[in-house]
Amino acid sequence: DAGVTQSPTHLIKTRGQQVTLRCSPKSGHDTVSWYQQALGQGPQFIFQYYEEEERQRGNFPDRFSGHQFPNYSSELNVNALLLGDSALYLCASRMTGGVQGEQYFGPGTRLTVT
Amino acid sequence: ELKVEQNPLFLSMQEGKNYTIYCNYSTTSDRLYWYRQDPGKSLESLFVLLSNGAVKQEGRLMASLDTKARLSTLHITAAVHDLSATYFCAVDDSSNTGKLIFGQGTTLQVKP
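Definitions and cut-offs
- Residues numbered from 1 in each chain as written.
- Chains lettered and ligands numbered in written order.
- Predicted model: local features only at pLDDT ≥ 70, side-chain atom pairs only at ≥ 80, totals over all residues.
- Heavy atoms only, no water.
- Helix = DSSP H or I, 4+ residues; strand = E, 2+ residues; numbered from the N terminus.
- Rg over C-alpha atoms; globule rule 2.2 N^0.38 Å.
- Buried < 20%, exposed > 50% of the residue type's maximum accessible area, 1.4 Å probe, protein only.
- Contact = heavy atoms within 4.5 Å.
- Areas by Shrake-Rupley, 256 points an atom, 1.4 Å probe, with all protein chains shown as cover.
- Lys, Arg positive; Asp, Glu negative; His and termini not counted.
- Charge placed at Lys NZ, Arg CZ, Asp CG, Glu CD.
- Core = buried A, V, L, I, M, F, W, Y, C linked by side-chain atoms within 4.5 Å.
- Buried area = accessible area lost by both parts, 1.4 Å probe.
- Salt bridge = Lys/Arg side-chain N within 4 Å of Asp/Glu carboxyl O.
- Polar contact = N/O pair within 3.5 Å; in protein donor to acceptor, adjacent residues only side chain to side chain.
- Phe/Tyr/Trp six-rings, centres within 6.5 Å; stacked < 30°, edge-to-face > 60°.
- Lys NZ or Arg CZ within 6 Å of the ring centre and 35° of its normal.
- Disulfide = S-S within 2.5 Å.
- Pairing = 2+ DSSP bridges.
- Axes fitted to C-alpha atoms, helices over the stretch in contact; angles between N-to-C directions.

Asks: So what about the overall build of chain B? Which residues, and what values?
Replies: Check the secondary structure of chain B and you find zero helices and eleven strands. Ordered by position from N to C terminus, the α and β elements of chain B give β-β-β-β-β-β-β-β-β-β-β. Taking 112 residues into account, the globule formula puts the C-alpha radius of gyration at 13 Å, and chain B, at 13 Å, falls close to it. Projecting the C-alpha coordinates of chain B onto the three principal axes gives extents of approximately 40 × 30 × 20 Å. Within chain B, the fraction of its 112 residues that count as buried is 45%. In chain B, 54% of the contacts between residues at least 6 apart in sequence involve partners at least 24 apart. Accessible surface for chain B amounts to roughly 5,300 Å². Of this, 48% is attributable to carbon and sulfur atoms. Positive and negative side-chain charges in chain B, numbering 11 and 11 respectively, have mean positions lying 3 Å apart.

Asks: Give a description of the nonpolar core that names residues and reports values.
Replies: Residue and element names in this part refer to chain B. Formed by 26 residues in total, the largest nonpolar core has its most connected members in Val 4, Leu 32, Trp 34, Leu 74, Tyr 87 and Leu 108. When residues of this core are traced back to their parent elements, those giving at least two are β2 (10-14), β3 (19-25), β4 (32-37), β5 (43-49), β7 (61-66), β8 (71-76), β9 (85-92) and β11 (106-111). The contact partners of Leu 108, leaving out residues within four places of it in the chain, are Leu 11, Met 13, Ile 76, Leu 83, Ser 84, Ala 85 and Tyr 87.

Asks: Lay out the interface of chain A and chain B in plain terms, naming residues and giving numbers.
Replies: Many analyses report the size of an interface as the accessible area lost when the parts associate. Tallying the contact residues gives 23 residues for chain A and 20 residues for chain B. In total, about 1,700 Å² of surface goes out of reach between chain A and chain B, with carbon and sulfur atoms giving 45% of it. There are zero salt bridges connecting chain A and chain B. Summed over the shared surface of chain A and chain B, the result is seven residue pairs in polar contact (both at pLDDT 80 or more).

Asks: How would you sum up the packing of aromatic side chains? Please name residues and give values.
Replies: Summed over the entire model, instances satisfying the criterion amount to nine aromatic pairs over all chains. Between the aromatic rings of Tyr 35 of chain A and Phe 102 of chain B, the centroid separation amounts to 5.7 Å while the plane-to-plane angle is 85°, which identifies the pairing as edge-to-face. Of this pair, Tyr 35 of chain A sits in strand β4 (residues 31-37) while Phe 102 of chain B sits in strand β10 (residues 100-102), on two different chains. Both residues of the pair, Tyr 35 of chain A and Phe 102 of chain B, count as buried. Consider the rings of Phe 47 of chain A and Tyr 49 of chain A, whose centres lie 5.3 Å apart with planes at 85°: the pair is edge-to-face. Residue classification places Phe 47 of chain A among the buried residues on the basis of a relative accessible area of 0%. Above the ring of Tyr 104 of chain A, the side-chain terminus of Lys 26 of chain A is found at 5.2 Å from the ring centroid.

Asks: Before we move on, could you go through the state of the cysteines and cite the residues and values that matter?
Replies: Simply put, disulfide is the name for a covalent bond between the sulfur atoms of two cysteines. On inspection of all chains with the given rule, the structure shows two disulfides over all chains. Here Cys 23 of chain A pairs with Cys 91 of chain A through a disulfide, and the sulfurs are 1.8 Å apart. Because the sign of the S-S torsion sets the handedness, a value of about -55° for the bond joining Cys 23 of chain A and Cys 91 of chain A places this disulfide among the left-handed ones. On the criterion of sequence distance, the pair formed by Cys 23 of chain A in strand β3 (residues 19-24) and Cys 91 of chain A in strand β9 (residues 87-94) is long-range, its members being 68 residues apart. What pairs with Cys 23 of chain B in a disulfide is Cys 89 of chain B, and their sulfur atoms sit 2.1 Å apart. Where Cys 23 of chain B bonds to Cys 89 of chain B through sulfur, the torsion about that S-S bond is close to 80°, and the disulfide is right-handed. In this pair, Cys 23 of chain B is assigned in strand β3 and Cys 89 of chain B in strand β9, connecting sequence segments 66 residues apart. You'll find Cys 23 of chain B and Cys 89 of chain B in the same group, each marked buried.

Asks: If you had to explain the pattern of salt bridges to someone new, which residues and values would you point to?
Replies: One pass over the full model with this rule turns up six salt bridges over all chains. One salt bridge in this structure joins Arg 55 of chain A and Glu 51 of chain A, with 3.1 Å as the shortest N-O distance.

Asks: Help me get a handle on the side chain of Thr 106 of chain B, residues and values and all.
Replies: Position of Thr 106 of chain B among the secondary structure elements: in strand β11. If we skip the residues at most four places from it in the chain, Thr 106 of chain B touches Gln 6, Pro 8, Leu 9, Leu 11, Ile 21, Ala 85, Thr 86 and Tyr 87 of chain B.

Asks: Could you give an account of the sheet that holds β3 of chain A, with specific residues and numbers?
Replies: All names here are of chain A. Sheet architecture is open: four strands sit in the order β1-β3-β8-β7, paired in antiparallel fashion. Taken across any chain shown, the strands that pair with only one partner, and hence form the sheet edges, are β1 (5-7) and β7 (64-68). Adjacent strand axes in the sheet meet at a mean angle of 20°, parallel and antiparallel pairs treated alike. Strand direction decides the pairing type here: β1 and β3, joined by three bridges, are antiparallel.

In structure tokens form, the structure reads like this:
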């Protein structure tokens, strides 16, 4: 049973560019959330997708957008990259309605903006 | 706005010693999660605590939840070097919505 997978593993971009990160949820999971983890800090919630719609959003600007596909996989897009966007981007999946509500995290994408 | 605070933020301890990490949160929530993160790696789920008084144990780690005090503890018994990592607590922002608010993390260093 494959867990949560993310691609790419690492990415280097220049300020002002755009980036797309990808996530495939754990088998049987239908909800995907994205988190940003800056160095030395705890993860911060970006947004959550369920049934191909954004259901919840954290305090992130509109430069951060996403999408969920019918197979439950998801993309995170960041436009007009800033140096401060350098971070580890984590995708987490869960099964909506599950009693425990546990989320499983992918290995992350390390984004460096120069 | 829900806030989650952990203390200490850094803990250096000798093997064989016991210690406790504290996680306080600011608003009512009935589910709390503990995660472990090794350097450069993702988050590994340790415990899911769903009700007041919940206690779970796995090996040398034991987690508890007091929803009235809005406090969770992660107790380490007879620490070993393999427990060196950063530990995060996270609280669901609303009842089981999946929006997790994380603490700052506690970096544990266990010295031989």
